[in-house]
Structure formats: structure tokens, C-alpha cells
Amino acid sequence: MASQRLILGSGLAILLIISAASIGLDVKSRSEVESVDRTLSILKRISDARPLPRGVESAARAFALTGDPSFADEFRDQSAALTTAVDGLLAAVKSAPGEAELLSGVKAQADRGVALGAELIQLRNNGDTAGASALISAGESRTVMDNVAAALERLVTEERRQLGIRTAQSKSNGRMLLAIDLAGVILILVLAIVLTVAARRSRRVLQDSLSATQAANLSLEAKVAERTKDLAAALEEVRRSTSVMETTFRSMAEAVLVIDTAGTVLLSNPAAEKMLRYKPGMSVVQLRAMSNVFHADGVAPMQVEEMPSARALRGEEFDGLEFVARPVRGAPQIHLVVSGRPLRDAEGSIAGAALIYHDITASRETEHQLQQAQKLDAIGKLTGGVAHDFNNMLTVITGTADTLVDGLQDQPQLARTAELIDRAAERCRELIQHLLAFARRQPLEPTVVDINGTVVDIAKLLRPTLGEQIEINSVLAPDVAAVHIDPSQLSNSLLNMAINARDAMPNGGKLLFETSNVVLDEAYAETNPDITPGRYVLIAVSDTGTGMSQAVQDKVFDPFFTTKEVGKGSGLGMSMVYGFVKQSGGHIKIYSEQDHGTTIKLYLPPARGEVAAPAPAPAPAPRGSEVILVVEDDPLVRNYVTAQLASLGYKTVAVPDGRAALALVDKGETFDLLFTDVIMPGGLNGRQLADEVKKRRPGTKVLYTSGYTENAIVHHGRLDEGVLLLTKPYRKAQLATMLQQALGHG
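Scoring rules and cut-offs
Residues numbered from 1 in each chain as written. Predicted model: local features only at pLDDT ≥ 70, side-chain atom pairs only at ≥ 80, totals over all residues. Heavy atoms only, no water. Buried < 20%, exposed > 50% of the residue type's maximum accessible area, 1.4 Å probe, protein only. Helix = DSSP H or I, 4+ residues; strand = E, 2+ residues; numbered from the N terminus. Contact = heavy atoms within 4.5 Å. Polar contact = N/O pair within 3.5 Å; in protein donor to acceptor, adjacent residues only side chain to side chain. Phe/Tyr/Trp six-rings, centres within 6.5 Å; stacked < 30°, edge-to-face > 60°. Lys NZ or Arg CZ within 6 Å of the ring centre and 35° of its normal. pLDDT = per-residue confidence, 0-100. Pairing = 2+ DSSP bridges. Axes fitted to C-alpha atoms, helices over the stretch in contact; angles between N-to-C directions. 1 Å grid on protein atoms, 1.4 Å probe; cavity = no way out; pocket = protein on both sides within 12 Å on 5 of 7 lines; lining within 4 Å. Points joined across faces, edges and corners; volume = space filled by probe spheres on them. Nonpolar A, V, L, I, M, F, W, Y, C, P; charged D, E, K, R; others polar.

(A) The arrangement of helix α19 (residues 658-667) in detail. Buried within α19 are the following residues: G658, A660, A661, L662, L664 and V665. Buried positions along α19 lie against β14 (627-631), β15 (651-655) and α20 (686-696). In this structure D657 caps α19, since a side-chain oxygen of it lies 3.2 Å from the backbone nitrogen of R659. Phi turns positive, to about 100°, at G668, one or two residues after α19.

This is the structure in C-alpha cells:
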């Protein structure tokens, strides 16, 4: 009895220590995530500031050489932007003394560079070309700005080093958390086995005592009663301890499987049923047959002998083994990390294995988005640096060509040659302007723009341009706010998108322009790191064309990328739109489905004073408890919406397409509402799915969602008027309200 209590007490103490360690590591991990976010923010600021020193120096030098007033304006804009960027970086790194000291030197150098540029411009304005030439020849301005650029590079190196350290520490903490969870599971199993054996031994001792009592005399009855009381107390203690351990095991977020040498699952927790789609009674072989398993790259198939269960049953101990599981049907792809340990009997032989799985799908998707953003940023810095200096040289070429044309009027053949040079230089200038737009270094001339008026003018211009086979419509919100942007660049962007839409509809189709005021919330910003939550003016351009694959969408903003035939497109149209929107402080989003069409959404910040009144405090989002069947083919959106539904109190069943949803319905899966995307792969769209479900279950309630705008969906003829549609992106409060309305509560 005493040994049993000692084992129990020691086991519970160790379990408490493991729990405390797990909590401590979790707190540390959250702190490291905040540090990583801060580092990424600083890197983005540095990325935006990198081209500015060279731009200040280059603009001042170009004005001194040519006298073109546009270069003086560019110098003032670049100088103001550089000062603002350095001040912002100083504020961001104030908690890091070393980096703050480095940036203080950067600020002094930047101020000196700006002062030298201003002096150079003043000399040119005063007609002192000799003084200006001397100042350029001295080279101090370029040296100062090179020092600023070099200091920013050192700061980038330090931040990336810190990011690498924190990322490695985060992965290490993750592995330690998995190891601690595995240790806890094994400890629970050991305690359960030990206590069960002790309980059986106590029962045998009690039986022996009762037999001896019957053979002896009645005076032993008191001792028997006392032993019975002690045993009952011990069994109650075992029951309570077992309950605590079972509750801990069932509440773990990681999926746990304990198997024997034949692959039969002896023990599992609810997370295994949710994450791995495990059903009681299944073996590892049956579970494996439900999915195609690949290594972490998602390309190389994982062989049977490489599977976690096979490795653990061979006696291997491992942590952090990554693999991708693609279910044969009915569920989305998941990216998992697994730890495994063999379980041994008293003789040391392998009697089974314990496996712990952790779902890292969301983090891998976020990494993919970050890589795309970094790729565009790197391409932008490269093209911007080359284009800006080339533009300065091109100014001299075009000016010289003009002089040649004027001076060769009496020599027609040479004059025609000079005109060819001039036209070629003009073509080069247009190309450079597109590259500068993508790199966010084009000189903008922002004014307060009436968005609706601009869209109406563009629509009028497009009607004869696109031809009669393209139907053009507009749905413009009457109260849409004005924006402070360059109107010519906005017009060029809308024209580019409209021409791309026309090319995607070779046999004709429909083009739709829409405007409205929108609010992008924190939840949207979490999945789109390049956007700041707040109020925006939305301009949406939708077509009924061929649409784009995901591979094309990943490259659509790259300079010179095009799907058109050679000679029919430069590949700079969408990169110019991207650069203009980003330089204007906005956000761009593409929603496209192959063979159905595309919607491109521009989110532009409203002009100051347009939305001065503070937004009213949002009402608490209505909650529910019903079961929602979610049908969404995009895994990132599917993970997001299931998390939002869970936070609102709903239970969810999520599948990637209509066929998988119908399979669940045919199996008898119960749910209160069908929440489905409109356009999906697999030959069954959202409306067709709803019709099929209603045939099987009349009266089923349905809520549709789509990345197309509401007017575009109706415009395309895909939904009847009056159906409930929630347009992406949507806020949590909008989701909650539409759910209540669809369920008949609102």
C-alpha cells in the first residue's frame, strides 16, 4: 500500500513538473513569435528605405546635369521619404542600443547627403554650373549616400541573423514541447499500468485475507474490515488519479496513437480523430490507406519502411519528422510533424510504439506567403535600382536626339536616322516607367480623386476599344470616399486590367467595375501580412474569362511574366499595377477560378478627412452552437473559417469540394447549415451542390461565399437573386450575422 502511494505521488509530481515546463516553453515561444514579428517589421522598413539614399543623390545629380524641374521635385520627395524612413527605423529599434546607435549615424549621414543635394540644386538654379560640376566631381554626396546604404545593409544582416536565431530557437522549443508531451503520455501509460497491477495485487491480498479469516476465528473480522476500508480508499485514489490523467490525455492538442507490434491502435485521443481522421477500431495500415503520404517537400512519396510507425517499431526514437498527407478524398492536405518512441516490455523487447503528431499546415502556408512577398520585394529592388539610373542616362540620350533632329533638317537621310533614335528612346522611356512603377519608385503626382468619376470615364473610353463582344457594366456605391492618389496612374491601372480581361475573353464576355467603402480587420491582416487594418476604398474589376491557375497567380505580378503569345504583351502591365497600389499605401488581391473568370480588387486608403468620424464600437458578434458543413477548396481559407466558426461557438465539418460533401451527406452526417464556396473544382459548383443536398435532405439551409463580388456573381448568372451570399474577404462580425440570418435566427 505504501509503495503504491509512493509511486502515485512521484508520478503526479513528475507530471506537474512536465506541465510546468510545457507552459514555460509555450510562454517563451509566444515571446519569440513577437520578436520575429518585430524583426520582420524592421526588415520591411529597411527594404522600403534601401533605394531612397541613391534616389536622393541621383535626382540631385540629374537636375544639376539637365536642369529638368521634375528631377528637383523627385529630389524633394525622395529626401522627405528618406528622412521619414530613418526616423521610423529609429523608433522601431529604440529597444536595441546597438542598432539605435548605428541608425543615429545613418541619420547624420542621410541629413548630410540631403544638404549636399540641396546645395547642388541651389548652385544649378543660380547658374553656377562650374560650382555644381565641382561639387559633383568631389563625390562627397555619393560617398555619404553609399555609407547610408552600407549601414542599412549591416542592419539588415544583423536583423536577419537575429531572425535566424529566433527561428531556430522557436523550432527547438517546438521539438522540446513535442518531447515533453511524449514524455507525459508515456508517464501516464506507465502510471496506469503500475496502478492497475497494484490494484490487482491488492485484490488478491484481500482474497487471501478473507480465506484466512474464515479458517480462523471471528476475532479477525475487525482487521478484515480495516483492510477492506484501506483498499477502498486506495481504489478511490487510483480512480481519481486515472481520471486526472485521462482528462489531460484527452485535452491534448497533439494527436496521440499508441500501437502494438501488429499496428493495431491500442490507445488514441480525440485530437487523433480530428487531425488524422482516425476512427476507433482502425489499424495503422487502414489509416495509411486513406492518404497519399509524401516527404516534407510534398513531392517525394514516403515509402512504407520510412513511415513513423514502422520506424518506431524498429526501435528508432525520433523528433520533428515532417511529412505531407494528401487524403484520397473528403479532406484537405495537411502538413504534420511527428515524434515517435518504441515501447518495451519487462524483458526489453519492443511491445509497441507511441506516436505524437502536430499539425503545422497553417505555419507552412504563412511561410509560403512570406516567401512570395520577399521575392517581389527583391525583384523590385533590383529593377528599381537599374531603371532609375538608366532613366537618368536616357534623359541625356533623348535630349541629344532632339538636338540632332533639329540640326539635321537640311540632311533628310541623317534626320530620319536621328528620328529613329528618338522613337527608340521614347519606347525605352515607357519601359523604364513601367519598371519604376513596379519598384515603387516612380514620381507620383497625387491629388484627391473622385473614384466613381474616374471609373465612369474609363468605362466610356473602353466601350469602343474593347469591341461590341465585351459587355461593360458598373456598380458604383454613391457614398464611396475620395482617395489621394495619382489619377493618371489609376487610369493606366484600370486600362491594363481591362485589356487583360479582354484578352481572357477571346469569344466575348462581361466586364464589371465596382466601387465601395470597406473595412479590413485584424483577422484579414493576419493572413495578409502586407496590409494594415482599417478603412479602404475598394475598386473591383471582374471578368467572365478563362481565369488563372494558382501557378499563374503566384507569378502574375513578376515583371515580364506573361501568358500571351510573343509580341502580344510586355508582361509589365500587372507589375505596374502592383507597384502603383503598393506605393499609394494600398493592397491588391486576385480571386480567380479557371474557366469561370477573375476578380481583381484594389484597396486604396481614403483621402484625409473623408472618414474623419471614428468607427462605432462593433456590437458583440452573435454566437451559436449548431453544426456547420464547410465546403471550401482553398486550404488557407478553410482553416481560417473553421477557426472563426469555432470561436463563435459552432461545431464544424470541413471538406474541400462538392463530391466530398455529398459523400458525407450520403453517410448520414448531421449538420444544421451548408456553408459553401460558389466556384469549386471537381465538376460540382456551390449551387449544384446545394441542389443535390436539398434533393437528399429537403429544407437544408444554405449560405454561399465567394471571392467574386456579389454583383459579379449575379452578373455572371451563377446565383439567383435573393440567395444569401457572403463576399470574401469578410469580417468575423459579418460572418456571425450572416450565419444567424441563414439559420433563421435574425
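(B) Inspection of the packing of aromatic side chains at higher detail. Within the structure shown, the criterion is met by one aromatic pair. Consider the rings of F323 and Y357, whose centres lie 6.4 Å apart with planes at 85°: the pair is edge-to-face. Here Y357 lies in strand β6 (residues 350-359) and F323 lies in strand β4 (residues 318-327), a separation of 34 residues in the sequence. Over the ring of F318 we find R311; its NZ or CZ atom is 4.8 Å from the centre of that ring.

(C) A look at the confidence of the model for the protein chain. Taken as a whole, the protein chain shows an average pLDDT of 76; of its residues, 69% reach a score of 70 or greater. Here residues 436-441 scores under 50 on pLDDT; set against residues more than four positions off or in separate chains, the count is 34 contacts. In this model residues 611-615 is a low-confidence stretch, pLDDT under 50, and it forms five contacts with partners more than four residues away in sequence or in other chains.

(D) Representation of the sheet that holds strand β2 (residues 265-268). Strand order across the open sheet formed by six strands is β2-β1-β6-β5-β4-β3, with antiparallel pairing between neighbours. Only two strands of the sheet have a single partner each, and these edge strands are β2 and β3 (291-295). Across this sheet, the average inter-strand angle for adjacent strands is 30°, counted without regard to direction. Relative to β2, strand β1 (residues 255-260) is paired through three bridges, and the arrangement is antiparallel. Opposite I259, over in β2, you have V265 as the bridge partner.

(E) View of empty space enclosed by the protein. Here the structure, examined in full by the defined rule, presents one cavity of 30 Å³ or more. Empty space within the largest cavity amounts to approximately 40 Å³. Listed by contribution, the elements that provide at least two residues to the lining of the largest cavity are β14, α18 (635-647) and β16 (673-677). Among the elements that make up the lining of the largest cavity, the one with the highest residue count is β16 (three residues). In the lining of the largest cavity, the residues fall into six nonpolar, two polar and three charged.

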